[in-house]
Amino acid sequence: MKIAIASGKGGTGKTTIATNMAVAIAKEGRDVAYVDCDVEEPNGHIFLKPEIKEQYDATVLVPHVDLNKCTLCGDCSAACVFNAIAVLGKTVEVFPSICHSCGGCSDVCPENAIDDIPRTIGHISRGVGMGVQFYEGRLNVGEAISPPVTKALRKLDTNSEVIIIDAPPGTSCPVIEAISGTDYVILVTEPTPFGLNDLKLAVGMVQEIGLPHGIVINRSDIGDGKTEEFCHRQNLDILMTIPFDRRIAEAYSRGEMMSDVNSEYERRFWELYSSIAEKVSP
Ligand code: SF4
Ligand code: SF4
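As the structure is a prediction and not an experimental result, all values here were calculated from the model.

Visitor: Any details on the site of ligand 2? Residues and values, ideally.
Guide: Contacts to ligand 2 come from 13 residues, most closely from C80, C99, C102, G104 and C105. Partitioned by chemical class, the residues of the shell around ligand 2 number 9 nonpolar, 4 polar and no charged.

And the structure:
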C-alpha cells in the first residue's frame, strides 16, 4: 500500500506525520518504507537517522550536438518550446538546466546530429533507520527541475508492504509526480487562513487526479474552526487532529520523534494507518 503525505503549504508538519507514522508501522512488525520525495529540501533523515547503504546518481538525458554533422539549420531551436537549444553564430548552444529532456530536438534534426547524453542533477540514497526502509531523493543545488529526481526515486518502487511517500509542499508538478499512483493521500494542514487557502488548493488537486484522501489537522487548537467547517462542508474525512504542544515543537527542533515526548502518539499513528488501510482495502 502506498500512502502519500502531502500539504498545500510548507511547514505544516508533513514530514513529522510521515516519519512518525512509518516508525509506528515498523514497531508493529510491518515491513515499511519511507520515501522522501521532497527532493529540494529532504529532511526525513533528521528524524529517522538512517544508515545509508547505497547511493545512486539521478540523471536526465540532454542533447549533445555533433557540429561536424550540423548544418546550423535551426530546426532544433524552433522545435524547443523551452528555449533550451539555440543556433548562435556558427555553433549550437544547449542550456542543460532548462532542458526538459523531451527529445524533441533530436527527433526533428534532419542530419541526425543530436545525441542524448546523461547529466547528473541529483542523487538517491537508500538505507535503514529506526526499523524503516529509507529512500531519499536530493536535487543538486542550483538545479531548476526536480520531477526527474522524484521520478527516478519512485521508479525504485520497493517491495515493502507499506510505502509512505513524503511529498514536497504545494500543488505543482513535483507534487503530482510524487503522489501519482498512490492508494491514498493524507493532506496535512494547520487551521490558519493561509493553511485553509492552501488546503483548498490541495484538495482540488487530489480530487482532479482522483485519489482517495483525508485530512490531518496539525496544531488543531490554534485556529478559529474554519478548517473543520470547510472539511465538514466538503465531506472530507478528518483523520486525526494534533493539538499544539510546545514539547513536540522542541522535540522536532532536536530531530526527535513525537512518541519520544508522548508515547500515546505511537498508538495514534498506528491507528491512523489502520484506518486508512481499512478504507483502501478491497
Ligand atoms: S536541427 Fe540538427 S542540423 Fe539543424 S541546427 Fe539543430 S543540430 Fe544542427
Ligand atoms: S530535449 Fe526537449 S527541452 Fe531539451 S533542448 Fe531538446 S527540445 Fe528542448
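Visitor: So, the site of ligand 1: which residues are in play, and what are the values?
Guide: Of all residues adjacent to ligand 1, which total 14 residues, the nearest are C70, C73, D75, C76 and C109. In terms of residue class, the shell around ligand 1 is made up of 10 nonpolar, 2 polar and 2 charged.

Visitor: Quick one: what's the story with the domain arrangement of the protein chain, residue by residue and with numbers?
Guide: Much of the literature gives interface size as the accessible area that the parts lose upon coming together. Looking at the protein chain, the domain boundaries give domain 1 (2–49 + 130–280) and domain 2 (60–120). Distance from the C-alpha centre of domain 1 to the C-alpha centre of domain 2: 39 Å. The interface of domain 1 with domain 2 comprises 4 residues on the first partner and 5 residues on the second. Of the residues in the side of domain 1 that touches domain 2, the class split is 3 nonpolar, no polar and 1 charged.

Visitor: Give me the nonpolar core: which residues, what numbers.
Guide: The biggest cluster of nonpolar side chains holds 76 residues, and the ones touching the most others in it are I5, M21, A22, I164, I165 and L187. At 8 residues, helix 1 (residues 14–27) tops the list of elements feeding residues into this core. Each of domain 1 (2–49 + 130–280) and domain 2 (60–120) contributes no fewer than three residues to this core. Setting aside residues up to four positions removed in sequence, I5 forms contacts with K14, I17, A18, I164, I165, D166, A167, I186 and V188.

Visitor: Requested: an account of the packing of helix 7 (residues 193–209) against helix 8 (residues 226–233), with residues and values cited.
Guide: The N-to-C vectors of helix 7 and helix 8 enclose an angle of 20°; their axes lie 9 Å apart at closest approach. The orientation of helix 7 relative to helix 8 falls into the category roughly parallel. Handedness of the crossing formed by helix 7 with helix 8: right-handed. Seen from helix 7, the contacting residues are G195, L196 and L199; seen from helix 8, they are K226, T227 and F230.

Visitor: Lay out the sheet that holds strand 9 (residues 184–189) with the relevant residues and their values.
Guide: Read from one edge of the open sheet, 9 strands run 3-6-7-2-8-1-9-10-11, paired in mixed fashion. With one partner strand each, in any of the chains shown, strand 3 (51–65) and strand 11 (238–242) form the two edges of the open sheet. Pairwise comparison of adjacent strand axes, ignoring direction, gives a mean angle of 20° for this sheet. Both strand 1 (residues 2–6) and strand 9 contribute to a ladder of 4 bridges, which runs parallel. Counted as the bridge partner of I5 is I186 from strand 9. Across the sheet, helix 7 is in contact with strand 1, strand 9 and strand 10 (213–218); its angle to strand 9 comes to roughly 170°. Contacts from helix 11 (residues 264–280) reach strand 1, strand 9 and strand 11 within the one sheet, and its direction differs from that of strand 11 by about 170°.

Rules and cut-offs
Residues numbered from 1 in each chain as written. Chains lettered and ligands numbered in written order. Predicted model: local features only at pLDDT ≥ 70, side-chain atom pairs only at ≥ 80, totals over all residues. Near = placed C-beta within 6 Å. Nonpolar A, V, L, I, M, F, W, Y, C, P; charged D, E, K, R; others polar. Domains from an automatic or database assignment. Contact = placed C-beta atoms within 7 Å. Core = buried A, V, L, I, M, F, W, Y, C linked by C-beta atoms within 7 Å. Buried ≥ 20, exposed ≤ 12 C-beta atoms within 10 Å, placed from the backbone. Helix = DSSP H or I, 4+ residues; strand = E, 2+ residues; numbered from the N terminus. Axes fitted to C-alpha atoms, helices over the stretch in contact; angles between N-to-C directions. Parallel < 35°, antiparallel > 145°, perpendicular 65-115°, else oblique. Left-handed = near helix turned anticlockwise from the far one by under 90°. Pairing = 2+ DSSP bridges.

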